[in-house]
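Survey of secondary and tertiary structure
Here are the chains, one letter per residue:
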Amino acid sequence: MNIDFSKNTDDLIPAIVQDSETKTVLMLGYMNAESLQKTIDTQKVTFFSRSKQRLWTKGEESGNFLNLVDIKNDCDGDTLLIQAKPVGPTCHTGADTCWQEENKESYGFISNLENTIKVRRENADSEKSYVASLFEKGINKIAQKVGEEAVEVVIEAKDDNDDLFLSESADLLFHYLILLQAKGFQLEDVVNVLKKRQK
């Protein structure tokens, strides 16, 4: 890595720490050349503490280490992005992150859709909400809808109309997310099973 520590008068550069799995930003610290080398050598994220004026390994007192996974520098060579696996909470307050956010994997739009399904299940009028009406009909109806959508995906996969295939795929995924919630799960639970199977 070509890192320019000289851009700042104190020879420190910002180091953004991100959870290597969830991609959540955990904290921001500062590194000099010595702390960077120690991070690489020990595989534990180490900063230069501006208040203590010494090297400081995150977790040296709490045991909540940041185990190094990867380091990248930015296009200007004066900021680091560190991917790590946190052992326990990162913030000294006991929070997962220094922004008081939960370090939870998010699937972007899919996570938002799961939340919408949850809200409609709990609060919507079943006469006005398709989702609420499905939940009211029970697990058998929801499972049946997933089966129907799966068959339609298979049928469209054999044809050449990509728009219909994608539309039926969206219907299948939507109804599968409903089924997961009906069983008390979310997509994250399925992803965790897949992670365990990864070799």
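Predicted, not measured: the structure shown is a model, and the values here were computed from it.

Moving on to helix H3 (residues 130-137). Restricting attention to buried positions, one finds in H3 the residues Val-131, Ala-132, Ser-133, Leu-134 and Phe-135. The elements touched by buried residues of H3 are helix H2 (109-123), helix H4 (139-157) and helix H5 (162-182). Between a side-chain oxygen at the N-terminus of H3 and the backbone nitrogen of Val-131 the separation is 3.4 Å; the capping residue is Ser-129. A positive phi of about 100 degrees marks Gly-138, the residue just after H3.

Our focus in this paragraph is H2. With 15 residues, H2 extends 21 Å from end C-alpha to end C-alpha; this agrees with the ideal 21 Å at 1.5 Å per step. Burial in H2 covers these residues: Ile-110, Ser-111, Leu-113, Glu-114 and Ile-117. Within H2, the buried residues cover an arc of 160 degrees as seen down the axis, which keeps them to one side. In H2, those exposed residues whose orientation departs by more than 90 degrees from the buried face are Phe-109, Asn-112, Glu-122 and Asn-123.

Before going further, it helps to spend a moment on the pattern of salt bridges. This model, assessed by the stated rule, comprises 7 salt bridges. Among the salt bridges present, the one from Arg-54 reaches Glu-60, with a minimum N-O distance of 2.9 Å. Here Glu-149 and Lys-145 are joined by a salt bridge, their closest N and O atoms 3.6 Å apart. Of the two residues, Glu-149 and Lys-145 are both situated in helix H4; the distance of 4 residues between them amounts to about one turn of the helix. The pair formed by Glu-149 and Lys-145 is uniform in burial state, with each residue classed as buried.

A positive phi angle, near 60 degrees, is found at Asp-11, a position not held by glycine. One can find Asp-11 in the segment before strand E1 (13-19). Even without a glycine there, the phi angle at Gln-53 is positive, about 55 degrees. Examined against the element boundaries, Gln-53 turns out to sit in the loop between strand E3 (46-49) and strand E4 (54-57).

Attention now moves to the UniProt feature "domain: Phosphoribosyl-AMP cyclohydrolase" (unreviewed entry) in the protein. In the numbering used here, UniProt assigns the "domain: Phosphoribosyl-AMP cyclohydrolase" (unreviewed entry) feature to residues 27-100. Note that residues 27-100 is 14% helix and 38% strand, and that its end C-alpha atoms are spaced 10 Å apart.

A grouping of Ile-16, Val-25, Leu-28, Leu-81 and Trp-99 is seen on the molecular surface, where their side chains present a nonpolar patch of about 400 Å² in accessible area. Turning to its location among the elements, Ile-16 is positioned in strand E1.

On to the environment of Glu-21, then. Relative to the assigned elements, Glu-21 resides in the loop between E1 and strand E2 (25-31). For Glu-21, the residues in contact, after removing those within four places along its chain, are Lys-85, Glu-105 and Lys-195. A polar atom in the side chain of Glu-21 sits 3.4 Å from the side chain of Lys-195.

One open sheet accounts for 4 strands, arranged E2-E1-E6-E5; its pairing is mixed. Among the strands making up the open sheet, the edge pair consists of E2 and strand E5 (66-73). Between one strand axis and the next, the sheet turns by 25 degrees as a mean value, whatever way the strands run. In this sheet, strand E6 (residues 80-86) lies alongside E1 in parallel orientation, the contact comprising 5 bridges. Bridge assignment links Ile-16 to a residue of E6, and that residue is Leu-81. Sheet contacts for helix H1 (residues 33-42): E2, E5 and E6; angle to E5, the most-contacted strand, approximately 125 degrees.

The rules behind these values
Residues numbered from 1 in each chain as written. Predicted model: local features only at pLDDT ≥ 70, side-chain atom pairs only at ≥ 80, totals over all residues. Heavy atoms only, no water. Buried < 20%, exposed > 50% of the residue type's maximum accessible area, 1.4 Å probe, protein only. Helix = DSSP H or I, 4+ residues; strand = E, 2+ residues; numbered from the N terminus. Contact = heavy atoms within 4.5 Å. Polar contact = N/O pair within 3.5 Å; in protein donor to acceptor, adjacent residues only side chain to side chain. Expected span 1.5 Å × (residues − 1). Arc of directions from axis to C-beta. Salt bridge = Lys/Arg side-chain N within 4 Å of Asp/Glu carboxyl O. UniProt positions renumbered as here; feature names shortened; annotations may be inferred. Patch = residues over 30% accessible without salt bridge, like charges linked within 9 Å, V, L, I, M, F, W, Y side chains within 5 Å. Areas by Shrake-Rupley, 256 points an atom, 1.4 Å probe, with all protein chains shown as cover. Pairing = 2+ DSSP bridges. Axes fitted to C-alpha atoms, helices over the stretch in contact; angles between N-to-C directions.

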